[in-house]
Amino acid sequence: MKLLAIVCSKHLGNTMQIAEAMAEVAPLTITDFENAKNYKLSEYDAVGFGGGIYAGSHDKELIKFISKLENVPPYSFVFSTSATGNYKKQNGRLIKLLEEKGSTVLGSFGCRALCKFFIFALAGGVNKGRPNTDDFDAAQAFIGQVMQKYEEMKK
Ligand SMILES: Cc1cc2nc3c(=O)[nH]c(=O)nc-3n(C[C@H](O)[C@H](O)[C@H](O)COP(=O)(O)O)c2cc1C
């Protein structure tokens, strides 16, 4: 199995850390968003789209990138980190977009992570120490579930 993760982790690299944890237990290639154009998405069994949450959803450029894809990956997954960790809502926009374009979203993951935006920076940020080992464990369990779901769907 070949997995690709396209990660837009501009604030503090929090979401990149989550992707790197996943790659320790899965055949996952990671690219940052800026280099995503160098990868042929059709060469992967499933493509993950991940990033920090900025003003309620994933980075606008990432959303635009997916909107413009002529062929979305048939199988995808979505992940994020944010101050609140409310990923069920925050991943929604990307999931909806992928599904509207015909992709089967195999899973959605998110967790709280350090935020130093604006006034939060004054106290050194909120969610200090996150993502932590529990978050990495949860991310690794998640990618395991994504692979399992893919195998089940391909039967
Ligand atoms: C400009 C900006 C806007 C943000 N907006 C939100 C938000 O709407 N909701 C939230 O929960 N966290 C918000 N955050 C916190 C980030 O989502 C959080 O720090 C995330 O882990 C950043 O991920 P990254 O380091 O991978 O970019 C915001 C952070 C920044 C810098």
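Scroll up to find the structure this text is about.
A few points on the structure. Just so we're clear, the structure is a prediction, and the values are computed from it rather than from any experiment. (Residues numbered from 1 in each chain as written. Predicted model: local features only at pLDDT ≥ 70, side-chain atom pairs only at ≥ 80, totals over all residues. Heavy atoms only, no water.)

**Here's the deal with the overall build of the chain**
Piece 1. Helix and strand counts for the chain stand at 5 helices and 5 strands.
Piece 2. For the chain, the succession of helices and strands along the chain, N to C, is β-α-β-β-α-β-α-α-β-α.
Piece 3. Whereas a compact globule of 155 residues would reach a radius of gyration of roughly 15 Å, the chain reaches 15 Å, a difference of no more than 12%.
Piece 4. For the chain, the residues scored as buried account for 48% of the 155 residues in total.
Piece 5. By element, 51% of the accessible surface of the chain is carried by carbon and sulfur atoms, the whole surface being about 8100 Å².
Piece 6. Of the charged side chains in the chain, 19 are positive and 16 negative; the average position of the first set lies 7 Å away from that of the second. (Helix = DSSP H or I, 4+ residues; strand = E, 2+ residues; numbered from the N terminus. Rg over C-alpha atoms; globule rule 2.2 N^0.38 Å. Buried < 20%, exposed > 50% of the residue type's maximum accessible area, 1.4 Å probe, protein only. Areas by Shrake-Rupley, 256 points an atom, 1.4 Å probe, with all protein chains shown as cover. Lys, Arg positive; Asp, Glu negative; His and termini not counted. Charge placed at Lys NZ, Arg CZ, Asp CG, Glu CD.)

**What about the sheet that holds strand β5 (residues 104-112)?**
Within a sheet, adjacent strands bond to each other through the backbone by hydrogen bonds, running parallel or antiparallel.
Piece 1. Spatial ordering of the open sheet is given by β2-β1-β3-β4-β5, a layout of 5 strands whose pairing is parallel. Each having just a single partner strand, β2 (28-32) and β5 make up the two edges of the open sheet. Adjacent strand axes in the sheet meet at a mean angle of 20° when their direction is disregarded.
Piece 2. Relative to β5, strand β4 (residues 75-82) is paired through 7 bridges, and the arrangement is parallel. What sits directly across from valine 78, in β5, is serine 108.
Piece 3. Helix α5 (residues 133-154) contacts β1 (3-8), β4 and β5 of the sheet and is inclined by roughly 175° relative to β5. (Pairing = 2+ DSSP bridges. Axes fitted to C-alpha atoms, helices over the stretch in contact; angles between N-to-C directions. Contact = heavy atoms within 4.5 Å.)

**Side note on the pairing of strand β3 (residues 46-52)**
Every other side chain in a regular strand lies on the same face of the sheet, so the side chains alternate between the two faces.
Piece 1. The buried count for β3 comes to 7 of 7 residues, which makes it a mostly enclosed element.
Piece 2. Looking at chain direction, β1 and β3 are connected through 6 bridges and run parallel. In the strand pairing of β3, valine 7 is matched with glycine 50.
Piece 3. Here β3 runs beside β4; their pairing, made up of 6 bridges, is parallel. Looking at the pairing, glycine 48 lines up with phenylalanine 77 of β4.
Piece 4. After leaving β3, the chain enters helix α2 (residues 60-68) and then returns to the sheet as β4, a path that is right-handed. (Right-handed = clockwise from strand over helix to strand, strands pointing away.)

**A short note on the packing of aromatic side chains**
Piece 1. Applying the stated rule across the entire model yields 7 aromatic pairs.
Piece 2. Judged by centre distance (6.1 Å) and plane angle (20°), the rings of phenylalanine 77 and phenylalanine 79 are stacked.
Piece 3. Overall, the relative accessible area of 0% leaves phenylalanine 77 in the buried class.
Piece 4. Through a chain of ring-to-ring contacts, three or more aromatic side chains come together here, namely Phe77, Phe79, Tyr87, Phe109 and Phe142.
Piece 5. Here lysine 2 stacks its cationic end above the ring of tyrosine 44, 4.9 Å away from the centre of that ring. (Phe/Tyr/Trp six-rings, centres within 6.5 Å; stacked < 30°, edge-to-face > 60°. Lys NZ or Arg CZ within 6 Å of the ring centre and 35° of its normal.)

Treat this as a map of the structure, not an account of what it does.
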